[in-house]
Amino acid sequence: MQPYKPDNTFDKLVSLCKRRGFVFQSSEIYGGVGSTWDYGPLGVELKNNVIRAWWRAVVYDRDDMDGLDSAILMNRLVWQYSGHEATFTDPLVDCKSCKKRFRADHVTGPRCPECGGELTAPRMFNGMFRTHVGPVEDESGLTYLRPETAQGIFVNFLNILQSSRRKLPFGVAQVGKAFRNEITPGNFTFRTREFEQMEIEYFCKPPRFLKEGEKSDEQLHEEWLQARFRWYVGLGIDPARLRQREQEPKELAHYAKRTVDIEYLFPGSLGWSEIEGVANRQDYDLTAHSRDVPDDALARLKLARNGHSTEKLEYYDESYADPQTGKKGAKYVPFVIEPSAGATRATLAFLCEAYWEEQLSAPAEEAVAPLREAAAAALRNIAKRIAEAEKRPAEAVPTPEQLRAIESALAAAVAGLPDSLLSFDGACGLPGADRLDLVKKARAACARLCDEHTRVVLRLHPALAPVTAAVLPLKKNEPAIVETAQRVKKLLQADFRAVYDDTAGIGKLYRRQDEIGTPFCLTVDFQTLQDGTVTVRDRDTMSQQRCAIDGLAGLLRSRIAGWPAPAVRQENA
RNA sequence: GCGGGUGUAGUUCAGUGGUAGAACGUCAGCUUCCCAAGCUGAAUAUUGUGGGUCCGAUUCCCAUCACCCGCUCCA
C-alpha cells in the first residue's frame, strides 16, 4: 500500500522528535524559553550527519575550498562596518487601530498606510543580541553575538589567502551558531533565535579582470546554485518539493547583485520556505572592511570610509596584464558568491521529507464495521453542520470550507476501506475536525486499527540516518544468538553508528528502527550459528537478503554508496 | 509586538467544584526462529507556573510562561 504523508505531518513530527529523542524544548523543566530547542541523542546524530555531508560535498569533494571556524564573539567594529549595526536596528511603528506594524522608513506621513489609523512613535528593534566583553558592562566592552557566520570569513580573508596559498577563484566554508533576536520566531525549529548556519564565501575575479575562458561571477553564481540544489536532491529531497526562487529587485539586499533562494515545501502552514540563499555579494563586504578605499568605490557600494581597519582586503593577481598598457599585475577586491544554508533548517527539511506512514496489512471486515458506522454518523452530522454554517459563513467555526474538506476526505476514506486507514485518520485530523465530537469518536475507533496495521518510517538517506545499522537477535533467550549479535555490533561500530537491541520481539524491533530511520537491520538467527550469515533487512522495502558477517561492512558501504533516489526505491519496492 | 486557540503520564487524548483515567509507549519476567503476537507484573501526572474566589480548584477568575494558527517582521 502506498506510503502516506498526512496533512498534519508537522505536528506528528514534533511529537516523534520528542518521543524518540530528536528535539526537545530547551529548559523544559523551567517552563521553556522562547524558540530554543535542544537536539537529543538521535537529533545530534542527524544534525551532525547533515553538517558532515555538507562539509564533504563543499570542501573534500572539490579542489577549490577550505574550511574555517571563527569565533562567535568579534570586535564590535566588525558589525559597524559590515552594516549590521545600522540595518539590524530598524525603527518600527505600530498602527493603533488595525494593529499592523511597519518599518518607520517604509511609511510616509503620520497615518497608517492600510487603514489611516494613528501610528505609535517609532521604537527601536535590535536584531542582534548585545553582550559585553570584559567584566565591566559599559559601552566600551559592548559587542554582539554574531548574526551570521559570514563576517568571520571576510575579516580572515588575508589570513586564509596567505596560509592556504590559494589563487582565485577559491572559497571558504564555515559551520556555526548564529543569533538573531527574531520578532516572530516559530514553526518548531524553523525560525529560532539561536540557529546554525553552513556558509560558503566563494571569492572570484571581478568582471573587468577576467581573462579569456575564465568563469565570471555570474557563471560561478549559477554553478553554485545548481550544485547546492543537487545536494539536497542527492540526499533524498524530492525535486517536486524543492524550488529556486529568484529574489525580486526590491527585496534584494543592497549589496547583492542577484540572490536566489532554495525553498522547500514544508508540510502544513509553513509551506514553501527558504532553506538556503545563494547570493552574489560582489565586492561589498571585503571593501567594507578595508582601509584606504578610493572614494569612487565607496560611492558605488554606498559605504562609509573605514577608519579602523588596519588592512586592505585585496588580492594580488600576478597573471593579469592590462589590455591597454600590457602592464603586468593588478591589485583588486574579489567578488563573492555566498551560498548560505541553514543547518538546522536543512535538518528540519530532511525530517519532513523523510516522514512517511504506511499501511502494511488490511484489517478484517468485522474490525472495520465499527469504523464505517462511526464515519456514517459523523458524515450525517457534518452535513447538518454545513447547512448551519452556510447561514452564517463569516462566524462559523469550523468554516463551511473546512467542513466540506473533512466531508469529502472522510467519504473517500470510507470508500477505500479496509486499505485506507491512514487517509481515514488523516481526514479526522484536518483543521476544524477537533470541534466535531462524532469525528473525534471516529478517529478514536481508527486509532487502534492504525496502531496495529500501519508503521511510521523515516526514509532518511543512510548518510543522514542517526543509526546506520541495528543488530537484532531473533530470539533473546538463545545465548549463542545473543552473543553473536553483540559481536556483530562490535564489529560494525568501527565503521558505522551501530546499535544492539533485544528488548522486544523482532517485529517491534524492526518498527522501532523504522521510526528513527535506521536503513539496515541485521538479524542474527539460527542459520547464523551454522553458516555465519545474517539477514540484512531494508527499511524502505522491508525485503531481506543474507550476507556473511565478514562481508557486512562492505555490503553496507556499497548499498549506501549506490543508494537510489526515493522515487526509484518506491517503484522497485 | 497584536488578535485567536491550546496547555492533564514519554506520546495522543478522556474527565470532574470534593486531590485524576484510557490507549499506545517504557521497564522486568515468562513465551516466541522474521515484521508493533500472547501472558504476568511494574514504574510514570503535586493537571505549565504564580496568585485570587471558595469549606474545598485540575475544573471558575486574573497574571505569567510556552506552543499552535493568523497578522507584522524576517535570512
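Computed from a predicted model, the values in this text were never measured in an experiment.

Take the sheet that holds strand β3 (residues 65-68) next. Across a sheet, strands are paired by hydrogen bonds formed along the backbone, either parallel or antiparallel in direction. Reading across the sheet, the 7 strands line up as β3-β9-β10-β16-β13-β12-β11 and stay open at both edges, with mixed pairing between neighbours. What marks the edges here is a single partner per strand, and that holds for β3 and β11 (242-246). On average, adjacent strands in this sheet sit at an angle of 25° to one another, irrespective of strand direction. Along the sheet face, helix α6 (residues 157-164) touches β3, β9 (170-179) and β10 (194-204) and points at about 135° away from the line of β9. Taken strand by strand, helix α10 (residues 343-354) contacts β10, β12 (258-266), β13 (271-282) and β16 (335-342), and its axis lies near 35° from that of β12.

Turning to the environment of P267, a few remarks are in order. Position of P267 among the secondary structure elements: in the loop between β12 and β13. In sequence terms P267 and G141 are 126 residues apart; their C-alpha atoms lie 44 Å from each other.

Looking now at the side chain of D425. Locating D425 in the fold gives a position in helix α13 (residues 421-428). Excluding residues that lie within four positions of it along the chain, D425 makes contacts with K12, R443, C446 and C450.

This next bit is on empty space enclosed by the protein. Think of a ball as big as a water molecule: rolled over the atoms, this probe shows where empty space is left. A complete count under the given rule lists 1 cavity of 30 Å³ or more for this structure. Space inside the largest cavity adds up to approximately 40 Å³. Along the walls of the largest cavity sit V23, Y39, F188, T189, T344, T347, L348 and L351, which together make up its complete lining. Ranked by the residues each element gives to the lining of the largest cavity, the list is headed by α10, at 4 residues. Here the residues of the lining of the largest cavity sort into 5 nonpolar, 3 polar and no charged.

When pLDDT is averaged across chain A, the result is 87; 90% of the residues are at 70 or more. The complex prediction reports pTM at 0.92, with the ipTM value standing at 0.90.

Moving on: the pattern of salt bridges. Scanning the model with the defined rule gives 44 salt bridges in all. Note that D66 is salt-bridged to R166, the shortest N-O span being 2.7 Å. With a gap of 100 residues between them, D66 in strand β3 and R166 in the loop between α6 and β9 connect regions that are remote in the sequence. On the basis of relative accessible area, D66 is assigned to the partly exposed category, the value being 22%.

What follows is about the layout of surface pockets. Approximately 650 Å³ is the volume attributed to the second largest pocket. Together, 24 residues line the second largest pocket, and R52, R56, P462, A463 and I560 are the ones closest to its centre. If you list the elements that add at least two residues to the lining of the second largest pocket, you get α2 (41-60) and α18 (552-561). A per-element tally of the lining of the second largest pocket places α2 first, with 8 residues. By residue class, the composition of the lining of the second largest pocket is 14 nonpolar, 3 polar and 7 charged.

Definitions and limits used
- Residues numbered from 1 in each chain as written.
- Chains lettered and ligands numbered in written order.
- Predicted model: local features only at pLDDT ≥ 70, side-chain atom pairs only at ≥ 80, totals over all residues.
- Heavy atoms only, no water.
- Pairing = 2+ DSSP bridges.
- Helix = DSSP H or I, 4+ residues; strand = E, 2+ residues; numbered from the N terminus.
- Axes fitted to C-alpha atoms, helices over the stretch in contact; angles between N-to-C directions.
- Contact = heavy atoms within 4.5 Å.
- 1 Å grid on protein atoms, 1.4 Å probe; cavity = no way out; pocket = protein on both sides within 12 Å on 5 of 7 lines; lining within 4 Å.
- Points joined across faces, edges and corners; volume = space filled by probe spheres on them.
- Nonpolar A, V, L, I, M, F, W, Y, C, P; charged D, E, K, R; others polar.
- pLDDT = per-residue confidence, 0-100.
- Salt bridge = Lys/Arg side-chain N within 4 Å of Asp/Glu carboxyl O.
- Buried < 20%, exposed > 50% of the residue type's maximum accessible area, 1.4 Å probe, protein only.

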